[in-house]
Amino acid sequence: MSMSQDTTETLTGSQIVVRLLERQGIRRIPGIPGGAILPFYDALSQSKLIEHVLTRHEQGAGFMAQGAARATGEVAVCLATSGPGATNLLTAIADAKLDSIPMVAITGQVATSLIGTDAFQEVDAYGLTIPITKHNFLVSSAQELLEVIPKAFRIAASGRPGPVLVDIPKDVQNERIEVTEWPEPGRRDPAAEADAESIAAAAAMINAAQRPILYLGGGVVHSGGSAEAVQLAEKASLPTVMTLMALGAMPVDHALSLGMLGMHGARCTNLALDECDLLIAVGARFDDRATGKVAAFCPGAKIIHIDIDRAELDKIKTAHVGIRGDVKEVLGRLLPQVKQDLRTAWLGRVGELKSTCPLQTPGADDPRTPYGLIRAVAECVDDEAVIATDVGQHQMWVAQAYPLRRPHQWLTSGGLGTMGFGLPAAIGAAMAQPERTVVCFTGDGSILMNIQELATAAEENANVKVVLMNNASLGLVFQQQTLFYGERIFSSKFKGVPDFLKIAEGFGWQTLDLDTASDPKAALQAAFAVRGPMFIHASIDRHEQVLPMVAPGAANKDMIGD
């Protein structure tokens, strides 16, 4: 504890939490009030520093907090009341856990005396969230809050980041206590120093390798180690692949970039991995969408695995050298020990694969096709823009074709694959970084999952441009049924299609229908020049597919389509 003032104050639990959040540097909290969290809202109304953003669904609040955390790398906060408020947050919390996003969710709970009685709006938020949080707290006294709130921030930010839940009963929010000293704000713990011998062994393996590949995961972005990763690739001439979560860690048009690996990666990327003799996995977890059939993934390669989470080492693939440590720090220590190497033969072979099996982006010059629309949107903004997506075909097309060039530029739901993620995440990013344009690529299936947040964006005048790729179907489901289920199309084609432009206008958005634009590229440029919420609708043929594709359970080298 640090003495930051001598005067003793008598404060409620709610006032203590508000003060602690202010001291953490929190300036914006999305959420929805309800009975069990009302004492906290009453205290929050008196804060001169924190703005509350009233969302239209608690899941929207959770994803707005995530959008802010993903765009800035800082811990973000969301609020909900007890019962249905807390259960509505669960999907956003689980999503944050799988993608390692630092977030603190604060929920109200029924009074301590009522817990366990099936009281009005009571659910066991603590029990429900044990499997989907890094840690969670059910607070039993106002005094405890002085320890719990900073600890929640420290846990969310330290090591492998993730979500923390703090469940506060109503009587604890109202309890008054004397506070004489305030704790230091919770900060990220310094990571334990990585083993020097392992780093030296990794450097020796890189120096001896003939056909090494650098495999970057989301941990590179979380650690702030993207620059070091690119330096390592350049010094040792390492062709570099990225997971969905790592896109932007190396600029997509860098000479050494092979883009995204795995299920929808370019054929050349997966073939190069098949030939490598050393795989340097950095902040990546060998997810099944990246590896395909694990036994057939990089079959001839030795593996160096660097990760802050010891549990990831040897979990899926056994590492020849496993290094537990902060990615940025480990790469910084590895760099001087790695020899400068041109690797002419290997880069020549990779270049050959790139020219014979490149990623095909048919229609890239036609803004009425998926790839062409993505390319045309990219021409409307610079690298300062934030790119968010929902989940489905549009997500994979954007991952393949958007020129992502910086870390924290790309916000997407990787581990959980949550439809409905895109719009609220984009709003959260736009509020956290109002100077940036935020683009949200979405599909007609996904946008309907959290469409009510169009109201929140309009109220906040968030600088979000929604690009709706409308194929009147659940596109990725339709594609899988077409390819793997004998074209038995069931429950993936919508019977009716809403008038999305009218809906957006009804929520107070400006709109553009690309279908009726005589010059779609000029229309897009004009739409992006307008600040504030803009809803852009584009029809896509439902028979368009995301290719190439690795069938679930197949080896990455056995790709369908070019």
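The structure this text deals with has already been given above.
Scoring rules and cut-offs
- Residues numbered from 1 in each chain as written.
- Predicted model: local features only at pLDDT ≥ 70, side-chain atom pairs only at ≥ 80, totals over all residues.
- Heavy atoms only, no water.
- Buried < 20%, exposed > 50% of the residue type's maximum accessible area, 1.4 Å probe, protein only.
- Helix = DSSP H or I, 4+ residues; strand = E, 2+ residues; numbered from the N terminus.
- Pairing = 2+ DSSP bridges.
- 1 Å grid on protein atoms, 1.4 Å probe; cavity = no way out; pocket = protein on both sides within 12 Å on 5 of 7 lines; lining within 4 Å.
- Points joined across faces, edges and corners; volume = space filled by probe spheres on them.
- Nonpolar A, V, L, I, M, F, W, Y, C, P; charged D, E, K, R; others polar.
- Core = buried A, V, L, I, M, F, W, Y, C linked by side-chain atoms within 4.5 Å.
- Salt bridge = Lys/Arg side-chain N within 4 Å of Asp/Glu carboxyl O.
- Axes fitted to C-alpha atoms, helices over the stretch in contact; angles between N-to-C directions.
- Contact = heavy atoms within 4.5 Å.

Caption draft 1: The arrangement of the pairing of strand E17 (residues 438-443) in detail. Across the six residues of E17, six count as buried, placing the element largely inside the fold. Of the two faces of E17, the one holding Val438, Cys440 and Thr442 and the one holding Val439, Phe441 and Gly443 are both buried throughout. Sheet topology note: the strand E15 (residues 386-389)/E17 ladder contains four bridges and is parallel. Bridged to threonine 389 within E17 is phenylalanine 441.

Caption draft 2: How the structure looks around the layout of surface pockets. In this structure, the second largest pocket encloses a volume near 820 Å³. Lining the second largest pocket we find 43 residues, and of these Ala69, Thr72, Gly73, Glu74 and Val75 sit closest to its centre. Here the lining of the second largest pocket takes six residues from helix H3 (residues 58-72), the largest share from any one element. Its residues assigned to classes, the lining of the second largest pocket comprises 24 nonpolar, 13 polar and six charged.

Caption draft 3: Representation of the nonpolar core within the structure. Within the largest apolar cluster, 72 residues are counted, with the highest numbers of intra-cluster contacts made by Leu334, Phe441 and Leu524. With six residues, helix H15 (residues 370-378) is the largest single contributor of residues to this core. Counting residues in each nonpolar core, the second largest holds 38 residues, with Val17, Ala43, Ala152 and Val172 among its members.

Caption draft 4: Focus on the sheet that holds strand E19 (residues 510-513). Strand order in the open sheet made by the six strands is E16-E15-E17-E18-E20-E19, with parallel pairing throughout. If you trace the sheet from one side to the other, it starts and ends with strand E16 (410-411) and E19, each paired once. Pairing of strand E18 (residues 464-470) with strand E20 (residues 534-539) involves six bridges; the strand directions are parallel. Residue pairing across strands places valine 467 opposite isoleucine 536, the latter belonging to E20.

Caption draft 5: Local environment of the pattern of salt bridges. The tally for this structure, following the rule as stated, stands at 20 salt bridges. With its nearest N and O atoms 3.0 Å apart, the salt bridge here joins aspartate 95 to arginine 70. Placement of aspartate 95 in helix H4 (residues 84-98) and of arginine 70 in helix H3 is noted, with a sequence separation of 25 residues between them. For aspartate 95, a relative accessible area of 0% puts it in the buried group. Note that arginine 154 is salt-bridged to aspartate 189, the shortest N-O span being 3.0 Å. Of this pair, arginine 154 sits in helix H6 (residues 142-157) while aspartate 189 sits in the loop between strand E8 (176-179) and helix H8 (196-208); the two residues are 35 residues apart in sequence, bridging distant segments of the chain. Counted as one network, the salt bridges with shared partners bring together Arg160, Asp309, Glu312 and Lys315.

Caption draft 6: View of empty space enclosed by the protein. Tallied over the entire structure, the rule returns two cavities of 30 Å³ or more. Its boundaries defined by the atoms lining it, the largest cavity holds a volume of some 50 Å³. Every residue along the wall of the largest cavity is listed here: Asn270, Leu273, Asp274, Ala296, Phe297, Cys298, Asn556 and Lys557. Looking at side-chain class alone, the lining of the largest cavity contains four nonpolar, two polar and two charged residues. By volume, the second largest cavity is sized at about 40 Å³.

Caption draft 7: Layout of the sheet that holds strand E9 (residues 212-216). Across the sheet, which stays open at both edges, the six strands sit in the order E11-E10-E9-E12-E13-E14 with parallel pairing between neighbours. In this open sheet, the two edge strands, each paired with only one partner strand, are strand E11 (257-260) and strand E14 (321-324). Between one strand and the next, the sheet's axes are offset by a mean angle of 15°, whatever the strand orientation. Sheet topology places E9 next to strand E10 (residues 240-242); three bridges connect them, and they run parallel. Pairing of leucine 214 across the sheet is with threonine 240, part of E10. Contacts from helix H11 (residues 267-275) reach E9, E10, E11 and strand E12 (278-282) within the one sheet, and its direction differs from that of E11 by about 110°. Lying on the sheet, helix H13 (residues 327-334) is in contact with E12, strand E13 (302-307) and E14; it crosses E13 at an angle near 130°.

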